[in-house]
Amino acid sequence: MAFLNGLKCRECGREYPAEPLNVCDFCFGPLEVVYDYATISEVVSQDSIAAGPLSIWRYKDLLPAEGDDPVDIMAGYTPLIKARGLGKTLGLNNLYIKNDSVNPSFSFKDRVVSVAATKALEFGYETIACASTGNLACSVAAHCARAGVRAVVFIPSNLEKGKIIGAAIYNPVLVSVDGTYDQVNRLCSELADDYPWAFVNINMRPYYAEGSKTLGYEVAEQLDWRLPDHVVVPSASGAMFTKIWKGFNEMACLGLLDGVASSSFGVDQNTVHHPAVTTKMHMQQAEGCSPIAAAWNNNQAQVIPVRPDSIAKSLAIGNPADGIYAIKVIERSGGSAYAVPESDIVDGIKLLAETEGIFTETAGGVTVSGLKHLAESGAIKPDELTVVYITGNGLKTQEAVEQVVNPLSIKPSISSFEAIFEGAK
Amino acid sequence: MGKQRVKFTFEEELVKQPVIYELGRKFEVVTNIRRADVGEEVGWVVLELDGEETEIKRGLEWVSSTGVRVDPLGGDVIDG
């Protein structure tokens, strides 16, 4: 069962029942899930987690949906790999890659959508919807296929063909909107008021966002129940970044980390900081859409929206809903935020591929280039335990790296091969 | 009649402009501010608009034309 007390406004603190709501009726602030941690602490343990399925649902006691019959395409429990090649290149001896690009629909979105879809069915919805530029559309369509319910996916008409096919293969109702991303955004916000559908990142958002906590849980578990010194994370809305931090602190407060005593969650579950959580949170954004990094680095009290202009389209949210909360996490953790130059993104993709054999999308290029910056600047010391999150697969953004295709062209003869191969040496 | 929840973001040169006042004067739209944070260099206001849908749409087009950024409330819909 789900150990929920309900929802609570992050701004004014008003409480609501656990229903498909995402905004406080009074102040229009975002709603967050409130857990019954006292009961959770009685049932969850390292052993109970280890006995669970090899998916995010091994952490079902810490998620806001029933875990007994989830909409599960086996999202999560992705590899944590010791990055010897990349580490050697960057001078980092204790570097790990959390490779979330190998989720079933090839991005971390499977974690959040699995939770949102499960919750949507609990609420009785028969249609699950979203607007997306790629990864989310694929994941929603895949989970709906698994659950046997209708998916309605809204995409801008100028989306890359590979992404359209990646969603269309699951046979959703695919709506191609003749407009900009902003216009699709507005349309879906209006539709969410009029249609009895579960929009995963609108009326399901409080539940959906919690799925990202599993990125924190898994890293801790895979490191034998301890936390890294640093994590390097790509960011768009800031939601995943804040939820990884929340996941670390939940594990500490519940006594799930080795050598760490459990403690109270205090008055605000969403801002709790256990003193044993000393991980520094480093956010990476693409320079062409970096409102959170700009706010942090310019010491602004607000996140000023921008018009995205980046090749990292999955990070291109100009008005990040969780931006201000992400800044608070950076501050509390002693972390940083960096705007990766657009010209470095493809270099980051290639560096990861050539040193680790992992092909990531443009968001991963941002993350790896950001990691390189942290290593070169000395922000991460050579022996510090560092985890870099790779959240999407390179097959989705092949256009960005088309220039790597430069084969040796020969005639079908040994002499032709040797002539050109010797030259290539 | 309809209602719409929106967020206006004002850059420095617009912070001192009475945009919300003029929205209510120029169009048949009732503005109801719920949350705001306005500084010297930038500000945002979250508000609910009440009126005929066509009038709200016309009003928001006018607000956008002044240079104020208009976003629907309810999270980042375009996400990945």
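Residues numbered from 1 in each chain as written. Chains lettered and ligands numbered in written order. Predicted model: local features only at pLDDT ≥ 70, side-chain atom pairs only at ≥ 80, totals over all residues. Heavy atoms only, no water.

**Observations concerning the overall build of chain A**
If you tally the helices and strands in chain A, you get 15 helices and 13 strands. Against the 2.2 N^0.38 benchmark of 22 Å for 425 residues, chain A shows a C-alpha radius of gyration of 21 Å, consistent with a compact globule. In terms of overall dimensions, chain A has a C-alpha envelope of 75 × 50 × 45 Å along the principal axes. Within chain A, the fraction of its 425 residues that count as buried is 58%. Considering only contacts within chain A whose residues lie at least 6 apart along the sequence, 69% involve residues at least 24 apart. (Helix = DSSP H or I, 4+ residues; strand = E, 2+ residues; numbered from the N terminus. Rg over C-alpha atoms; globule rule 2.2 N^0.38 Å. Buried < 20%, exposed > 50% of the residue type's maximum accessible area, 1.4 Å probe, protein only. Contact = heavy atoms within 4.5 Å.)

**Quick word on the pattern of salt bridges**
When charged atoms on two side chains of opposite charge get close, those side chains can pair. Residues and elements named next belong to chain A. Counted by the stated rule, this structure contains 20 salt bridges over all chains. Residue Glu 221 pairs with Arg 58 through a salt bridge whose shortest N-O separation is 2.6 Å. With Glu 221 in helix α9 (residues 213-222) and Arg 58 in the loop between α2 (46-50) and β4 (80-82), the pair connects residues that are 163 residues apart, well separated along the chain. Both residues of the pair, Glu 221 and Arg 58, count as buried. A salt bridge links Lys 246 to Glu 210; the shortest N-O distance between them is 3.1 Å. (Salt bridge = Lys/Arg side-chain N within 4 Å of Asp/Glu carboxyl O.)

**A look at the interface of chain B and chain A**
Taken together, the contact pairs 28 residues of chain B with 39 residues of chain A. Both faces considered, chain B and chain A share a buried interface measuring about 2,800 Å² in area, 50% of it formed by carbon and sulfur atoms. Our count for the chain B to chain A interface comes out at two salt bridges. With its nearest N and O atoms 3.9 Å apart, the salt bridge here joins Glu 11 of chain A to Arg 35 of chain B. Applying the counting criterion to the chain B and chain A interface returns eight residue pairs in polar contact (both at pLDDT 80 or more). Secondary structure elements with two or more residues in the side of chain B that touches chain A: β1 (2-10), β2 (29-38), β3 (43-51) and β4 (69-72) of chain B. With five residues, β3 of chain B is the single largest residue contributor to the side of chain B that touches chain A. Residues belonging to the side of chain B that touches chain A are distributed by class as follows: 10 nonpolar, seven polar and 11 charged. (Buried area = accessible area lost by both parts, 1.4 Å probe. Polar contact = N/O pair within 3.5 Å; in protein donor to acceptor, adjacent residues only side chain to side chain. Nonpolar A, V, L, I, M, F, W, Y, C, P; charged D, E, K, R; others polar.)

**What about the sheet that holds β4 of chain A?**
All names here are of chain A. Taken in spatial order, the six strands line up as β4-β5-β13-β10-β11-β12 in an open sheet, and their pairing is mixed. The sheet is open, and its two edges are formed by β4 and β12 (336-340), each paired on a single side. Strand after strand, the sheet turns through a mean of 25 degrees between neighbouring axes, direction not considered. Across five bridges, the pairing between strand β11 (residues 280-286) and β12 is parallel. (Pairing = 2+ DSSP bridges. Axes fitted to C-alpha atoms, helices over the stretch in contact; angles between N-to-C directions.)

**Some details on a nonpolar patch on the surface**
On the surface, Leu 408, Ile 410, Phe 417 and Phe 421 of chain A cluster together into a nonpolar patch covering about 350 Å² of accessible area. With respect to the helices and strands, Phe 421 of chain A occurs in helix α15 (residues 414-424). (Patch = residues over 30% accessible without salt bridge, like charges linked within 9 Å, V, L, I, M, F, W, Y side chains within 5 Å. Areas by Shrake-Rupley, 256 points an atom, 1.4 Å probe, with all protein chains shown as cover.)

**A few points about the UniProt feature "domain: NIL" (unreviewed entry) in chain B**
The UniProt record marks residues 2-73 of chain B with the feature "domain: NIL" (unreviewed entry), using the residue numbering of this structure. This span, residues 2-73 of chain B, is 29% helix and 44% strand, and a straight line between its end C-alpha atoms measures 15 Å. (UniProt positions renumbered as here; feature names shortened; annotations may be inferred.)

**Here's the deal with the pairing of strand β1 (residues 4-9) of chain A**
Residue and element names in this part refer to chain A. Sheet topology note: the β1/strand β3 (residues 31-35) ladder contains five bridges and is antiparallel. Bridge pairing links Gly 6 to Val 34 in β3. Across two bridges, β1 lies against strand β2 (residues 15-16) in antiparallel orientation. Counted as the bridge partner of Lys 8 is Glu 15 from β2. Between the end of β1 and the start of β2, which pair antiparallel, lie five residues, with Gly 13 showing a positive phi angle near 80 degrees.

**Quick word on the packing of aromatic side chains**
Residue and element names in this part refer to chain A. Across all of its chains, the model carries 10 aromatic pairs over all chains by this definition. Centroid distance Tyr 37 to Phe 265: 3.6 Å. Interplanar angle 0 degrees. Geometry classified as stacked. One end of the pair, Tyr 37, is in helix α1 (residues 37-43); the other, Phe 265, is in the loop between α10 (239-253) and β11, with 228 residues separating them in the sequence. Look at Tyr 37 and you get buried, because its relative accessible area is 7%. Residues Trp 197 and Phe 199 carry aromatic rings whose centres are separated by 6.2 Å and whose planes lie at 35 degrees to one another, so their mutual orientation is tilted. (Phe/Tyr/Trp six-rings, centres within 6.5 Å; stacked < 30°, edge-to-face > 60°.)

**Concerning empty space enclosed by the protein**
Residues and elements named next belong to chain A. Taken as a whole, this structure holds two cavities of 30 Å³ or more when the rule is applied. Reported here for the second largest cavity is a volume of approximately 60 Å³. What lines the second largest cavity is Arg 10, Thr 242, Lys 243, Trp 245, Lys 246, Asn 270, Val 329 and Arg 332. Of all elements in the fold, only α10 and α12 (323-333) reach the threshold of two or more residues within the lining of the second largest cavity. (1 Å grid on protein atoms, 1.4 Å probe; cavity = no way out; pocket = protein on both sides within 12 Å on 5 of 7 lines; lining within 4 Å. Points joined across faces, edges and corners; volume = space filled by probe spheres on them.)

**What to know about α9 of chain A**
Residues and elements named next belong to chain A. Judged by how many residues are buried, α9 sits mostly within the fold: nine of 10 residues are covered. Those residues of α9 not exposed but buried are Lys 213, Thr 214, Leu 215, Gly 216, Tyr 217, Glu 218, Val 219, Ala 220 and Glu 221. Asp 224 sits one or two residues past α9 and shows a positive phi near 60 degrees.

**Section: the sheet that holds strand β6 (residues 127-131) of chain A**
Residues and elements named next belong to chain A. If you trace the four strands from one edge of the open sheet to the other, you get β8-β7-β6-β9, paired in parallel fashion. The two strands at the open ends of the sheet, each matched to only one other strand, are β8 (173-177) and β9 (198-199). Bridge count between strand β7 (residues 150-156) and β8: five bridges; the pairing is parallel. Bridge pairing in β8 links Phe 154 to Val 175. Taken strand by strand, helix α5 (residues 135-147) contacts β6 and β7, and its axis lies near 165 degrees from that of β7.

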